[in-house]
Amino acid sequence: MKATILRGKLLHLLRKVYPEGIDTKTIFSVLFQYHKTDEISASLEYLVDKGYAEKKQVPHPYMEQETLQWYKITPQGIDLIECSIPDDPGILIQRG
């Protein structure tokens, strides 16, 4: 149950920054008080695998040799939040 709640929180966070997206370190800093980083990473990968989010590597803005993992909600993820498609039992969307 805890993972389904986290996935819903992640989708809402990604929706707030849409269309830009957000890097993993920022996501961790937002949710670290309530969730472990490995739980967050696993939930992000689940959302990517289900097609609700996309992941890409982007160059670090300050460090030439570094890259960041960048996540962005997909149109399917937005539809799930907005109830345009049927609910997914693996994701709890807080409504209201």
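The following refers to the structure shown. Treat the numbers as computed from the prediction; the structure is a model and nothing was measured. (Residues numbered from 1 in each chain as written. Predicted model: local features only at pLDDT ≥ 70, side-chain atom pairs only at ≥ 80, totals over all residues. Heavy atoms only, no water.)

### Structural notes on helix H2 (residues 24-31)
What H2 keeps buried is the set Thr 24, Ile 27 and Leu 31. Looking straight down H2, one finds its buried side chains confined to an arc of 60 degrees; they lie on one side. The inward-facing, buried residues of H2 contact helix H1 (2-16), strand E1 (22-23), helix H3 (37-50) and strand E3 (67-73). (Buried < 20%, exposed > 50% of the residue type's maximum accessible area, 1.4 Å probe, protein only. Helix = DSSP H or I, 4+ residues; strand = E, 2+ residues; numbered from the N terminus. Arc of directions from axis to C-beta. Contact = heavy atoms within 4.5 Å.)

### A few points about the nonpolar core
Counting residues in hydrophobic clusters, the biggest one holds 20 residues, and the most contacted among them are Leu 10, Leu 11, Ile 27, Ile 40, Leu 47 and Ile 91. If you list the elements that add at least two residues to this core, you get H1, H2, H3, E3 and helix H4 (75-81). Sort the elements by how many residues they give to this core and H1 lands first, with five residues. (Core = buried A, V, L, I, M, F, W, Y, C linked by side-chain atoms within 4.5 Å.)

### With respect to the sheet that holds E1
Read across the open sheet, the three strands follow the order E1-E3-E2; overall the sheet is antiparallel. For this open sheet the edge positions go to E1 and strand E2 (53-59), each flanked by a neighbour on one side alone. Relative to E3, E2 is paired through seven bridges, and the arrangement is antiparallel. Within the sheet, the bridge partner assigned to Val 58 lies in E3 and is Leu 68. Sheet strands touched by H3: E2 and E3. Its angle to E2, the strand with the most contacts, is close to 115 degrees. (Pairing = 2+ DSSP bridges. Axes fitted to C-alpha atoms, helices over the stretch in contact; angles between N-to-C directions.)

### Here's the deal with the packing of aromatic side chains
Inspection of every chain in the model, using the stated rule, returns zero aromatic pairs. If you follow Arg 7 out to its NZ or CZ, it ends over the ring of Tyr 46, 3.7 Å from the centre. (Phe/Tyr/Trp six-rings, centres within 6.5 Å; stacked < 30°, edge-to-face > 60°. Lys NZ or Arg CZ within 6 Å of the ring centre and 35° of its normal.)

### Quick word on the environment of Lys 56
Within the secondary structure, Lys 56 sits in strand E2. A relative accessible area of 48% means that Lys 56 is categorised as partly exposed. Apart from the residues lying within four places of it in its own chain, the contact partners of Lys 56 are Leu 68, Gln 69 and Trp 70.

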